[in-house]
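Close look at the chain arrangement
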Amino acid sequence: MAVKTQPAQPGSPLATPLPRVLRPRRATPADAVRPTRAEVNLAALRHNLRVVQRAAQGARVWGVLKADAYGHGAPAVARTLERAGIDGMCVALLEEAIELRDAGIRVPLLVMGGYYGQAWGEILARDLVPVVYDVGQIEALAREVRFASSEPVGLHLKIDTGMGRLGCTPAELPALLAALGRHPEVRLDGLMTHLACADATDLGAVDEQLARFTEATRVVREAGFDPKVLHAANSAALLRSPGSRLDVVRPGIALFGVAPCEGAGIELRPVMKVRSEVVALRDLVAGESLGYGWTWRAERPSRIATVPMGYADGLHRDLSNRGDVLVRGRRARIVGAVSMDLTMIDVTDHEGVSVRDEVVVLGQQEGPLGRDAITALEIAGLTSSIPWEVLTHVSRRVPRFYREP
Ligand SMILES: Cc1ncc(COP(=O)(O)O)c(C=O)c1O
């Protein structure tokens, strides 16, 4: 893909220092002294892409890799998906798009968050596709194109059809179209919207939003524009609502193997497993307590294992005395308060546990005592959360290991 210009030049009225990925450096496998790690299964990722491609029924797939690919590590995920034939990728931040281009990703990259600061030059320099939704953005981009003497730049216009978050409202649309008409430096390549209720049992709200999107598309075409790429569907919509698939679909969570709602995407395979190991064992007599605040008390002689993972790693404190982990293939209850770096589990009924045994916090385990899985959905249910948050909360202290099983 041709790079058209250099980053904004020092003389440019829009020049700013090169945006960087502000996320602090993540622990790498080489840093891993502690046995706590996230394993990212690249074969499962490719499998999920095939599931999504089949469900898309001819629509192109632009995977959503924002927030460091939902915590899985954007560069490695992007390289795997690009080699496996994904058509494009979407991120929230300009910095995230820059990270992917720096990682060698060549497919179209859509920057959805709509915040470009003064860094419009990066859109041109990195051949990115900006999403815009107000007149000021169109004028700023056109100015940058003129300054760089670049060819016209393609953009996607976001229409707010009911999410109430980002996008121009149908009432604002004529002013945006007028601005686009005044600025031949930019080209309207795509129209998009985002669905608020694609995981609801009743798809009425999806249909309502799609109807508003169809009407907005009609207005755009009547004004003489011909956007070639229409898109609306996130994972839930693409799996459940054929009418939402349009030209491109934008799945995120499904690529990472989490069904976006009950009954959709049952063939998806979880991509991330989070595991640690037992680092200490102790025996408590009945009546003894443990952990900050002594929130748990042994009702019988108990064997307790300590795991070097805590809330600073993304193990939610709400799992204290409620959540399970897997040891030797069977569930063990988290006991006492999850602390910053360490968590205790009750292994009284787990015959043969010893230091260095694997502890699975998220994912599947098979062992001498059985086979089970802790899902992102289960953790979300115990922590008033959603799987999206569970995955993105695995912190940067936890190194990601990429596996090709
Ligand atoms: C605009 C937009 N499109 C698509 C997605 C992907 O959603 P999901 O992860 O539910 O597939 C997101 C994620 O929140 C989004 O913000």
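Residues numbered from 1 in each chain as written. Predicted model: local features only at pLDDT ≥ 70, side-chain atom pairs only at ≥ 80, totals over all residues. Heavy atoms only, no water.

1. A short note on the overall build of the chain
Let me state the cut-off plainly: Counting from the N terminus, the helices are the DSSP runs of H or I reaching at least four residues and the strands are the DSSP runs of E reaching at least two. Contacts between residues were defined by any pair of non-hydrogen atoms, one from each residue, lying within 4.5 Å. Values of accessible area rely on a 1.4 Å probe in the Shrake-Rupley scheme; residue burial ignores everything except the protein chains shown. As used throughout, the charge tally considers Lys and Arg to be positive and Asp and Glu to be negative, leaving His and the chain termini uncounted. Charge positions are represented by NZ for Lys, CZ for Arg, CG for Asp and CD for Glu.
Helix and strand counts for the chain come out as 11 helices and 20 strands. Across the chain, contacts joining residues at least 24 apart in sequence account for 67% of those joining residues at least 6 apart. Carbon and sulfur atoms make up 52% of the accessible area of the chain, which totals about 17,700 Å². Put simply, the chain has 49 plus and 47 minus side-chain charges, and the middle of one group is 4 Å from the middle of the other.

2. What to know about the pattern of salt bridges
Rule in force here: Note on definitions: salt bridges are taken to be side-chain nitrogens of Lys or Arg within 4 Å of carboxyl oxygens of Asp or Glu. Remark: exposure states derive from per-residue accessible area (1.4 Å probe, protein chains only) relative to the maximum for the residue type, with buried under 20%, exposed over 50%, and partly exposed in between.
Under the definition given, this model contains 29 salt bridges. Note that Glu404 is salt-bridged to Arg46, the shortest N-O span being 2.7 Å. Of this pair, Glu404 sits in the segment after β20 (400–403) while Arg46 sits in helix α1 (residues 42–56), and the two are 358 residues apart along the sequence. Glu404 sits in the partly exposed class, given a relative accessible area of 49%. Taking the relative accessible area as the measure of exposure, Arg46 reaches 24% and is therefore partly exposed.

3. Points about α1
Here is the rule: Given a helix with a known number of residues, its expected span is that number minus one, times 1.5 Å. Under this definition, polar contacts are N or O atom pairs within 3.5 Å; protein pairs additionally need one hydrogen-donor-capable and one acceptor-capable atom, and for neighbouring residues in sequence, both atoms have to be side-chain atoms.
Its 15 residues give α1 an end-to-end C-alpha distance of 21 Å, which sits within 8% of 21 Å, the value for a rise of 1.5 Å per residue. Those residues of α1 not exposed but buried are Leu42, Ala44, Leu45, His47, Asn48, Leu49, Val51, Val52, Ala55 and Ala56. Buried residues belonging to α1 abut β1 (37–41), β2 (60–64), α3 (74–83), α9 (235–240), β9 (248–249) and β20. Where α1 begins, the capping side chain belongs to Asn41, and its oxygen is found 3.0 Å from the backbone nitrogen of Ala43. Where α1 terminates, the next one or two residues include Gln57, which has phi positive at roughly 45°.

4. Section: the domain arrangement of the chain
Heads up, the rule is: Either an automatic procedure or a domain database provided the assignment from which the domain bounds are taken.
Partitioning the chain into domains gives domain 1 (42–256) and domain 2 (272–374). Summarising the inter-unit geometry, the C-alpha centres of domain 1 and domain 2 are found 42 Å apart.

5. Some thoughts on unusual backbone geometry
The backbone of Ser149 sits at a positive phi, close to 50°, despite the residue not being glycine. Looking at where Ser149 falls in the secondary structure, it is placed in the loop between α6 (135–148) and β6 (153–158). A relative accessible area of 66% means that Ser149 is categorised as exposed. Residue Leu246 is not a glycine yet carries a positive backbone phi of 45°. Turning to its location among the elements, Leu246 is positioned in the loop between α9 and β9. By relative accessible area, which is 35% here, Leu246 ends up partly exposed.

6. Overview of the pairing of strand β15 (residues 324–327)
The following threshold applies: What makes two strands pair is DSSP finding at least two bridges between them.
Taking every second residue as pointing to the same face, both faces of β15 are buried, with Asp324 and Leu326 on one and Val325 and Val327 on the other. Two elements, β15 and strand β16 (residues 330–335), share 4 bridges in a ladder whose sense is antiparallel. Counted as the bridge partner of Leu326 is Arg331 from β16. Between β15 and the antiparallel strand that follows it, β16, lie 2 residues; Arg328 among them carries a positive phi value of about 55°. Alignment of β15 against strand β18 (residues 358–367), held across 2 bridges, turns out to be antiparallel. Within the sheet, the bridge partner assigned to Leu326 lies in β18 and is Val360.

7. Examining α3
For an α-helix, the turn length of 3.6 residues means that residues three or four places apart are oriented alike. Regarding α3, the residues found buried are Ala74, Ala76, Val77, Ala78, Thr80 and Leu81. In this structure, the buried residues of α3 make contact with α1, α2 (66–71), β3 (88–91), α4 (94–102) and β20. Looking one or two residues beyond α3, the residue adopting positive phi is Gly85, at roughly 100°.

8. Side note on the site of the ligand
Spelled out, the test is: Here, proximity means that at least one heavy atom of the residue falls within 4 Å of the molecule or strand. Residues are said to line a cavity or pocket when one of their atoms sits within 4 Å of a point; the points come from a 1 Å grid over protein atoms alone, cavities being sets where a 1.4 Å probe fits but cannot get out and pockets being open sets with protein on both sides within 12 Å along at least five of seven lines. Pocket or cavity membership: a molecule qualifies when more than half of its atoms sit within 2 Å of the grid points of that site. Ten residues, namely Ala, Val, Leu, Ile, Met, Phe, Trp, Tyr, Cys and Pro, are considered nonpolar, four, namely Asp, Glu, Lys and Arg, are considered charged, and the remaining ones, Gly among them, are considered polar.
Around the ligand, a shell composed of 13 residues is seen, among which Lys66, Tyr70, Ser235, Gly252 and Ile253 lie nearest. Between the ligand and the protein, one listed contact pairs a nitrogen atom with a side-chain N or O atom of Arg250 at 2.9 Å. Trp388 is positioned with one of its side-chain polar atoms (N or O) 2.9 Å from an oxygen atom of the ligand. Protein contact buries 91% of the 390 Å² of open area that the ligand shows by itself. Here the ligand is seated within the second largest pocket. In terms of residue class, the shell around the ligand is made up of 6 nonpolar, 4 polar and 3 charged.

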